[in-house]
Amino acid sequence: MKNHILTVALCALGMFAAGCDDFLEELPQSSAASANFYKNDNDVKNAVNACYANLQKSQLYGEFMINMAETRSDNIEDQNPGGNAGRDYNIDKFTAGADNAAITAVWQYSYNTIMRCNAVIQNIGACSVESNKIQYEAEARFLRALMYFNIVRFWGDAPLVLTQITSEQSVNARRDEASKIYDAIVDDLNFAATNLPKSYDKTEMGRATSGAALALLGKVYLTQQKWADCKTTLQRLMSSEFDGVYELLPDVAEVFKMENKLNKEMVFVVHYSKVVVGEGHNFSQYYKNASLLDRALRTAYEDNDARKGLLETISIDKDNTPFVKFYDTFDLTTKNVGYDQPVIRYADVLLMYAEALNEISFDASESSEALKYLNQVRTRSGATAYKAADLNSKDKFREQLMEERRLEFPLECHRWFDLIRTNTAEAAMAKVGLNITKNDYLYPIPKYEMELCPNLTQNPGYSDK
């Protein structure tokens, strides 16, 4: 059945799968496939929950985001050309075409999530409590911004849809310029940062916060190389305004432990549960086989670096299934992995801030603020602190900071984005034997989308066929 994301999912009827009070669960689609669904505050909250629920799916952070943001990079060596009909192998080797199933799924589910967010925003008037109205719109706009941020980094120019549209209108969709998409992202995140709470009680943990909006906005500015805006945004997040909200945990292993989920280092995560059937993280091959991680990555850690041990495999069930220790949250009964997928950690905030400072004005002194924050992340894992003499130029600091990001965030969907935003993807991939061009920085527009939306154009270097 052809459920095209623009011709069906973005239609004005607002057909979405409404989540229940726990956004880890969803009701069948038929339960909310009515234009009359929005009647009260609880209906709107359920619709917001459905937006979060989409992030969990294998088509997004459950699996395929890993394929597109990590497999594509130098972090992973896919060694199985026959697995999944070559789906992941072709992404790894830069031979994936417009018919690749993972690429198509991420496009479609990203736009499906945007459609759900648009439906919430357009029907926000159903809320009778003003505080609910503001919060639910802000949550929807945060999630919409996150999806568009991924879209514009994966595909560049893309359809920008900020309202519910009819199926007839969606057929005529065209690609909007990336700059216009970035403007919409910034607008959404500023609204979210202004109107979301700093934290929630335990029953609502995992929802977007004002701090998450600021962190994501900082990353947007970093990607655009708007260094001053990035610095100002992240500076606020690191100020007394957020005292007690975020911190770099002293032990990196504690960040990922099940009993310490949603800790103060996790700024925003995709939340999973290993004890509820259907609510676990996909058992990705990259969590099961450390040999798929690039050898240069696995050997780049110092012996006393605690992050090195987290990439070792352990046996977690009666069949001695190997599993990367970083993500040791397997439940034998449900066969679920309960590991929360980080989107932004506080360690990321500190490294982004250090990067912005270095780009604005390199400081060669031992008292360098940029060096201070770089070393905060590096030394908490036991690695040797950098001296100013080690990083004696802006370029050298940038190079080592990028390496630190690679060591700190394996499998957290940052590496490919880091390589393309710093224009270092060609050099990085050459080191693993892959010769790529700037055309490979973007993915192909999915073939199926182009067939149903004839005004869409393909990215350079890819066939329309």
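A short tour of the structure in this document, coming up.

The rules behind each value
- Position labels on residues start from 1 in each chain and follow its written sequence.
- In keeping with the model being predicted, local features are shown solely for residues with a pLDDT of at least 70 and side-chain atom pairs are shown and tallied solely at 80 or more, while totals for entire chains, interfaces and linings include all residues.
- Side-chain measures here rest on the full set of heavy atoms in the structure, leaving out hydrogens and waters.
- Throughout this description, the term salt bridge denotes a Lys or Arg side-chain nitrogen within 4 Å of a carboxyl oxygen of Asp or Glu.
- Only DSSP runs of H or I covering at least 4 residues are called helices, and only runs of E covering at least 2 are called strands; the numbering of each starts at the N terminus.
- Buried, partly exposed and exposed residues are distinguished by accessible area as a fraction of the type maximum, computed with a 1.4 Å probe on protein chains only: under 20%, between the cut-offs, and over 50%, respectively.
- In a helix, the anticipated span is given by 1.5 Å times the number of residues less one.
- Whenever two N or O atoms come within 3.5 Å, that pair is a polar contact, provided that in protein one can donate a hydrogen and the other can accept it, and provided that, for residues adjacent in sequence, both atoms are side-chain atoms.
- When the centres of two rings from Phe, Tyr and Trp lie within 6.5 Å, Trp using its six-membered ring, the rings pair. Their planes under 30 degrees apart give stacked, over 60 give edge-to-face, and anything left gives tilted.
- Both a distance and an angle decide whether a charge sits over a ring: NZ of Lys or CZ of Arg must be within 6 Å of the ring centre and within 35 degrees of the ring normal.
- Contacts are assigned to residue pairs with any non-hydrogen atoms lying within 4.5 Å of each other.
- The criterion for strand pairing is that DSSP finds at least two bridges linking the strands in question.

1. Some details on the pattern of salt bridges
Part 1: A full pass over the atoms with the stated rule returns 35 salt bridges.
Part 2: In this structure, Arg144 engages Asp188 in a salt bridge whose closest nitrogen and oxygen atoms are separated by 2.8 Å. Of the two residues, Arg144 is situated in helix H6 (residues 130-155) and Asp188 in helix H8 (residues 178-195); the sequence distance between them amounts to 44 residues. The burial state of Arg144 is the same as that of Asp188; both residues are buried.
Part 3: The closest approach of N and O atoms between Arg378 and Glu404, which form a salt bridge, is 2.8 Å. With Arg378 in helix H15 (residues 369-379) and Glu404 in helix H16 (residues 394-408), this residue pair connects regions lying 26 residues apart in the sequence.
Part 4: With relative accessibility at 8%, the residue Arg378 sits in the buried group.
Part 5: A residue is classified by how much of its surface remains accessible, and Glu404, at 0% relative accessible area, is buried.

2. Let's talk about helix H2 (residues 41-56)
Part 1: Taking 1.5 Å per residue as the helical rise, H2 with its 16 residues ought to reach 22 Å, and the 24 Å between its terminal C-alpha atoms agrees with that figure.
Part 2: For H2, the buried fraction is high: 15 of the 16 residues fall into the buried class.
Part 3: Between the side-chain oxygen of the N-cap and the backbone nitrogen of Asn42 there are 3.1 Å, and the N-cap of H2 in question is Asn40.

3. Concerning the packing of aromatic side chains
Part 1: The tally for this structure, following the rule as stated, stands at 14 aromatic pairs.
Part 2: Where Phe142 meets Phe268, the ring centres are 4.9 Å apart and the plane angle is 70°; that geometry is what we call edge-to-face. Separated by 126 residues along the polypeptide, Phe142 in helix H6 and Phe268 in strand E1 (residues 266-270) bring together distant segments of the chain. Of the two residues examined, Phe142 and Phe268, each falls in the buried class.
Part 3: Ring pairing ties together the aromatic residues Trp107, Tyr111, Tyr148, Phe154, Trp155, Phe417 and Tyr443, which thus form one cluster.
Part 4: A cation sits over an aromatic face here: Arg153 above Phe417, 3.6 Å from the ring centre.
Part 5: The positively charged end of Arg378 is found above the aromatic ring belonging to Tyr386, 4.5 Å away from the centroid.

4. A look at H15
Part 1: Those residues of H15 that sit buried are Ala370, Leu371, Tyr373, Leu374, Asn375, Val377 and Arg378.
Part 2: Along its buried surface, H15 packs onto helix H13 (306-310), helix H14 (346-360) and H16.
Part 3: Looking at where H15 begins, the residue whose side-chain oxygen comes 3.3 Å from the main-chain nitrogen of Ala370 is Ser368.

5. Things to note about the environment of Ile420
Part 1: Relative to the elements of secondary structure, Ile420 occurs in helix H17 (residues 415-421).
Part 2: Since its relative accessible area comes to 17%, Ile420 is described here as buried.
Part 3: Residues Ile420 and Leu442, 22 residues apart in the sequence, show an inter-C-alpha distance of 9.0 Å.

6. Observations regarding the pairing of E1
Part 1: Counting buried positions along E1 yields 5 of 5 residues, so the element is predominantly enclosed.
Part 2: Relative to strand E4 (residues 341-345), E1 is paired through 4 bridges, and the arrangement is antiparallel. Residue pairing for E4: Phe268 is matched across the bridge by Ile344.

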